[in-house]
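In case you want the letters, here they are:
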Amino acid sequence: MSDRLSVFKTYKLYVGGKFPRSESGRVYEVTDAKGKWLANAPLGSRKDARDAVVAARKAQAGWAGATAYNRGQVLYRVAEMLEGRREQFVREVADAEGVSKSKAAAQVDAAIDRWVWYAGWTDKIAQVVGGANPVAGPFFNLSTPEPTGVVTVLAPQESSFLGLVSVLAPVIATGNTAVVIASERAPLPALSLGEVLATSDVPGGVVNILAGRTAEIAAPLAAHQDVNAIDLTGADADLARDLEIAAADNLKRVFRPQPVDFSADPGTHRLTAFLETKTVWHPTGSLGASGSAY
């Protein structure tokens, strides 16, 4: 028997590319499916939520201004880092969701593949939802998708990693920045994802991850005037209703919760959920005597 003491992992929030403890100093116990203690997770506060929005807003212009191809490269790098830490996430998912190691491994592999899938869409979604529009007149009329801005994401409560990736990746793939509220019951995979993001090429502030009581953190974010949209996937019916009412104050775009099989083909609806369409009119002109136009 070894008399060596184990080094317990300290989980922290991920805000602005850094790992602060909750400003309140609070933590809460996270247990596995059988009630066994796993770790103390930071209990995020209203102030942590506001700090995350500030970080997300600061990073938004630079991330949206990057080329779509570059965003795809960055997201692919995240998938590479996830692949390198696969065993850690398999263990955390198995503990969090009470599933076997083989089922947890399947979910982690699916999450990594999902991340790669969304990375591939970054420079293609504009071709699907944008284009040139025929108009009656001497004009070019072009519609192009642009990111909504800062998006609050309530991560799924039950699918601690595959569901998390499925709701987060499309938000940032399209140039938005995100404030993520991790699963209240199983936050550890989400907090570990922050460590992956910090050691990849994702600029600080593009993704911010909070842990704690979902309702407590979500309420100020739904009412925050500098949050442009909110994904209510991780909210129950009562909380979703309250948050949607709060979100109406500044006309936030709201993605309502709905039953979803995260193992199924995700389609493109989450990519387009947080895009705005900008249409530009430009006059054409004649070139020479031939009457050709540009």
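As a reminder, the structure under discussion sits directly above these lines.
We now examine the pattern of salt bridges. A full pass over the atoms with the stated rule returns 17 salt bridges. Put simply, Asp-109 and Arg-86 hold a salt bridge, and the shortest N to O gap is 2.7 Å. Here Asp-109, found in helix H4 (residues 101-121), pairs with Arg-86, found in helix H3 (residues 86-97); they are 23 residues apart in sequence, far enough to count as distant. Residue Asp-109 is classed as partly exposed on the basis of its relative accessible area, which comes to 28%. Measuring nitrogen to oxygen at the nearest pair gives 2.9 Å for the salt bridge that ties Arg-270 to Asp-231. One end of the pair, Arg-270, is in helix H10 (residues 269-273); the other, Asp-231, is in strand E8 (residues 229-231), and 39 residues separate them in sequence. In this structure, Arg-270 and Asp-231 share a single accessibility class: buried. Connected through shared salt-bridge partners, Lys-9, Arg-85 and Glu-195 make up one network.

Those residues of helix H9 (residues 237-247) that sit buried are Leu-239, Ala-240, Leu-243 and Ala-247. Along the axis of H9, the buried positions cluster into a sector of 100°, meaning they face one direction only. For H9, the exposed residues set more than 90 degrees away from the buried face come down to Ala-237 and Ile-245. Turning to H9, the residues buried within the fold contact strand E5 (150-154), helix H8 (214-223), E8 and strand E9 (253-255).

This next bit is on the nonpolar core. One finds Trp-115, Ile-172, Val-180, Leu-197 and Leu-210 to be the most contacted residues of the largest nonpolar core, which totals 87 residues. With near-sequence residues (within four places) excluded, Leu-210 lies in contact with Leu-13, Val-15, Asp-48, Ala-49, Ala-52, Val-179, Val-180, Ile-181, Ala-182, Ile-217 and Leu-221.

As a further point, take H8. Those residues of H8 that fall on the buried side of the exposure criterion are Thr-214, Ile-217, Ala-218, Pro-220, Leu-221 and Ala-222. Considering only its buried residues, H8 is in contact with helix H1 (46-65), E5, strand E6 (177-181), strand E7 (207-210), E8 and H9.

The computed volume of the largest pocket comes to approximately 400 Å³. Contributing to the lining of the largest pocket are 16 residues, with Phe-8, Lys-9, Tyr-11, Leu-38 and Ala-39 lying nearest its centre. Broken down by secondary-structure element, the contributors of at least two residues to the lining of the largest pocket are strand E2 (37-42) and H3. Taken together, the residues of the lining of the largest pocket break down into 7 nonpolar, 4 polar and 5 charged. A volume near 170 Å³ is recorded for the second largest pocket. For the lining of the second largest pocket, the secondary structure elements donating two or more residues are helix H2 (68-84), helix H5 (125-129) and strand E4 (139-147). By residue number, the principal contributor to the lining of the second largest pocket is E4, which donates 4 residues. Residue composition of the lining of the second largest pocket, by class: 8 nonpolar, 3 polar and 2 charged.

Let's shift gears to the sheet that holds E4. Spatial strand order, E3-E4-E10: 3 strands in an open sheet with antiparallel pairing. For this open sheet the edge positions go to strand E3 (131-132) and strand E10 (275-283), each flanked by a neighbour on one side alone. Where E3 lies against E4, 2 bridges are found, and the strand directions are antiparallel. Each bridged residue has a counterpart across the sheet, and for Ala-132 the counterpart in E4 is Leu-142.

Time to look at unusual backbone geometry. Generally, phi is negative for residues other than glycine and the peptide bonds are trans, each holding for most cases. Positive phi, close to 60°, is recorded for Leu-251, a residue that is not glycine. Looking at the secondary structure, you find Leu-251 in the loop between H9 and E9.

With that settled, consider the pairing of E7. Working note: regular strand, side chains alternate between the two faces of the sheet. Burial of the side chains of E7 extends over both faces: Val-207 and Ile-209 are buried on one face and Asn-208 and Leu-210 on the other. As paired elements, E6 and E7 share 4 bridges and run parallel to each other. Residue Val-179 lies in a different strand from E7, and its bridge partner there is Asn-208. With respect to chirality, the unit in which E6 leads through helix H7 (residues 188-198) into the neighbouring parallel E7 is right-handed.

Taking strand neighbours across the sheet as the criterion, the 5 strands line up as E7-E6-E5-E8-E9 in an open arrangement whose pairing is parallel. Every other strand in the sheet has two partners, leaving E7 and E9 as the edge strands with one partner each. Between one strand and the next, the sheet's axes are offset by a mean angle of 15°, whatever the strand orientation. Of the strands in this sheet, E5, E6 and E7 are in contact with H1, which crosses E6 at around 155°.

It is worth spelling out the packing of aromatic side chains at this point. Scanning the model with the defined rule gives 7 aromatic pairs in all. Plain terms: the ring middles of Phe-89 and Phe-161 are 4.6 Å apart, the flat faces sit at 20° to each other, and that makes the pair stacked. In this pair, Phe-89 is assigned in helix H3 and Phe-161 in the loop between E5 and helix H6 (162-173), connecting sequence segments 72 residues apart. Seen in terms of ring centroids, Trp-117 and Trp-121 are 5.8 Å apart; in terms of plane orientation they differ by 65°. Their pairing is edge-to-face. On the criterion of helical spacing, the pair formed by Trp-117 and Trp-121 is a turn pair, its members being 4 residues apart in helix H4. Accessibility expressed as a relative area gives 19% for Trp-121, which makes it buried. These aromatic residues form a ring-pair network of at least three members: Trp-117, Tyr-118 and Trp-121.

About the cut-offs
Residues numbered from 1 in each chain as written. Predicted model: local features only at pLDDT ≥ 70, side-chain atom pairs only at ≥ 80, totals over all residues. Heavy atoms only, no water. Salt bridge = Lys/Arg side-chain N within 4 Å of Asp/Glu carboxyl O. Helix = DSSP H or I, 4+ residues; strand = E, 2+ residues; numbered from the N terminus. Buried < 20%, exposed > 50% of the residue type's maximum accessible area, 1.4 Å probe, protein only. Arc of directions from axis to C-beta. Contact = heavy atoms within 4.5 Å. Core = buried A, V, L, I, M, F, W, Y, C linked by side-chain atoms within 4.5 Å. 1 Å grid on protein atoms, 1.4 Å probe; cavity = no way out; pocket = protein on both sides within 12 Å on 5 of 7 lines; lining within 4 Å. Points joined across faces, edges and corners; volume = space filled by probe spheres on them. Nonpolar A, V, L, I, M, F, W, Y, C, P; charged D, E, K, R; others polar. Pairing = 2+ DSSP bridges. Right-handed = clockwise from strand over helix to strand, strands pointing away. Axes fitted to C-alpha atoms, helices over the stretch in contact; angles between N-to-C directions. Phe/Tyr/Trp six-rings, centres within 6.5 Å; stacked < 30°, edge-to-face > 60°.

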